[in-house]
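The lines below spell out each chain.
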Amino acid sequence: MTRVGHVFATPGRKALIPYVTVGYPSIDATLEVVPLLAAAGCDIVELGIPFSDPLADGATIQKAGFHALHNGVTPDVCLDVARRLRASVDIPLLFMTYLNPIFAHGLERFCHACCECGVDGLIVPDMPPEEGEALEGLTRDQDLDLVYLLAPTSADERVQMVAERSRGFVYLVSLTGVTGTRQALPPGLESFVQRVRTATPKPLCVGFGISNPEQARRVAQMADGVIVGSRIIQLMEHDDGFTSLTGFVSQLRDTLNEVSGAEAGQGPS
C-alpha cells in the first residue's frame, strides 16, 4: 500500500489536503509552511509546480505561479524542495502539475526523480486518461499514485474509465470552472459525488471552490477528502508568521473531525 493509500485506510477519517505553489511567496516559505500544515492535521499536501499556462487555475493560483516563475522556480527546483520537505514531514506529498513540464523534463526521468526525492504521486489536470497510458505505466513502476480528475459534466463512460485508472484517490472538481474561493458550493454536488461513488470504492476527494469550514463540512459529509488551494495561498500572503494560515487549517481539521465523529456515532442503521 502506498503512503497515500495509508491515509484513506484509517476508518472514518476525512482527509484534509491543502495546496501550495512551490516558491510562493518564496522557497523558504514553502519549506516552512508544509511542516506547519502537517502539524496542524493535514493528511496530504499538494505541491504545485508553477507553469506559464495553468488552464485549470483561477486568479489566485495564477498569480502565485507567475510570481514563482519570475523567481526562477523550475521543476528541478520543485524536486529539490520536495526532497528537503521529505526530510521533515511524513505525510504524502503530491505534485500538482501540467503535462508540458513533465514532457520537457522527460517522463521517465521525471518519475524516477519524484521517487528519489520522496514524492508520492502526481495530479495532472490537463492529461485525459486517453493520453495517460505511458505516464500510468511509469508511475506504477515507481510506485507513484497518478490521480485523475472528474468534473460534474463527465459522462458515465468517463466516470467509469477514471474510476478504474485513478490511483490513490479520485479528484472530483466541484464545478465547471477554475480554482478559486467561492461564496457557496454549487448545487448538484451531492448527486455528482454519489454518481461517482456508485462507480468505485476508491476514495473520493473534492476540490475547487472550498474556502471556509462550513463548505468543508458539507464536502466531508459526502466525500472522503477535502482539497483547499486558493484560500491557503491567500493566507500565506499574510505577514504574521503564518498564524492566520495555521489557525484556519486547524479549524478545518476540527470540522472534519466533527463530521467523522458524527458519522461514527450513527452506527449501523
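Further up the page is the structure itself.
What you see is a predicted model, and the numbers here were worked out from it, not measured in a lab. (Residues numbered from 1 in each chain as written. Predicted model: local features only at pLDDT ≥ 70, side-chain atom pairs only at ≥ 80, totals over all residues. Heavy atoms only, no water.)

A. View of the overall build of the chain. Along its length, the chain carries 12 helices and 9 strands. Its C-alpha atoms give the chain a radius of gyration of 17 Å, within 12% of the compact-globule value 18 Å for 269 residues. C-alpha extents for the chain along the principal axes are approximately 55 × 45 × 30 Å. Burial analysis of the chain (269 residues in total) assigns 55% to the buried set. For the chain, the share of sequence-separated contacts (at least 6 apart) that also reach a separation of at least 24 residues comes to 74%. Once the 20 positive and 32 negative side-chain charges of the chain are each reduced to a mean point, those two points are 3 Å apart. (Helix = DSSP H or I, 4+ residues; strand = E, 2+ residues; numbered from the N terminus. Rg over C-alpha atoms; globule rule 2.2 N^0.38 Å. Buried < 20%, exposed > 50% of the residue type's maximum accessible area, 1.4 Å probe, protein only. Contact = heavy atoms within 4.5 Å. Lys, Arg positive; Asp, Glu negative; His and termini not counted. Charge placed at Lys NZ, Arg CZ, Asp CG, Glu CD.)

B. Representation of the state of the cysteines within the structure. Per the counting criterion, the structure on display carries 0 disulfides. No disulfide involves Cys78; its sulfur sits 9.9 Å from the nearest other cysteine sulfur, which is in Cys117. Assessed through its relative accessible area of 0%, Cys78 is described here as buried. With no disulfide of its own, Cys114 lies closest to Cys117 among cysteine sulfurs, the gap being 5.5 Å. A residue is classified by how much of its surface remains accessible, and Cys114, at 0% relative accessible area, is buried. (Disulfide = S-S within 2.5 Å.)

C. Representation of the nonpolar core. Formed by 71 residues in total, the largest nonpolar core has its most connected members in Leu47 and Phe95. Beyond its immediate sequence surroundings of up to four residues, Phe95 is in contact with Leu47, Ile49, Cys78, Leu79, Ala82, Phe110, Cys114, Val119, Gly121, Leu122 and Ile123. Judged by nonpolar contacts, the second largest core, of 22 residues, contains Ile17, Leu94, Cys205 and Phe208. (Core = buried A, V, L, I, M, F, W, Y, C linked by side-chain atoms within 4.5 Å.)

D. A look at the environment of Val77. Its location among the elements puts Val77 in helix α4 (residues 75-86). A relative accessible area of 27% places Val77 in the partly exposed class. A sequence separation of 165 residues divides Val77 from Phe242, and the C-alpha atoms of the two residues are 23 Å apart. With near-sequence residues (within four places) excluded, Val77 lies in contact with Ile27 and Gly72.

E. Up close: the pairing of strand β8 (residues 204-207). Alternating residues of β8 divide into Leu204 and Val206 and Cys205 and Gly207, and every residue in both groups is buried. In this structure, strand β7 (residues 170-173) lies alongside β8, joined through 4 bridges in parallel fashion. The residue of β8 that forms the bridge with Val170 is Leu204. Here β8 runs beside strand β9 (residues 225-228); their pairing, made up of 2 bridges, is parallel. Within β9, the position partnered with Cys205 by the bridge is Gly225. With respect to chirality, the unit in which β8 leads through helix α10 (residues 213-220) into the neighbouring parallel β9 is right-handed. (Pairing = 2+ DSSP bridges. Right-handed = clockwise from strand over helix to strand, strands pointing away.)

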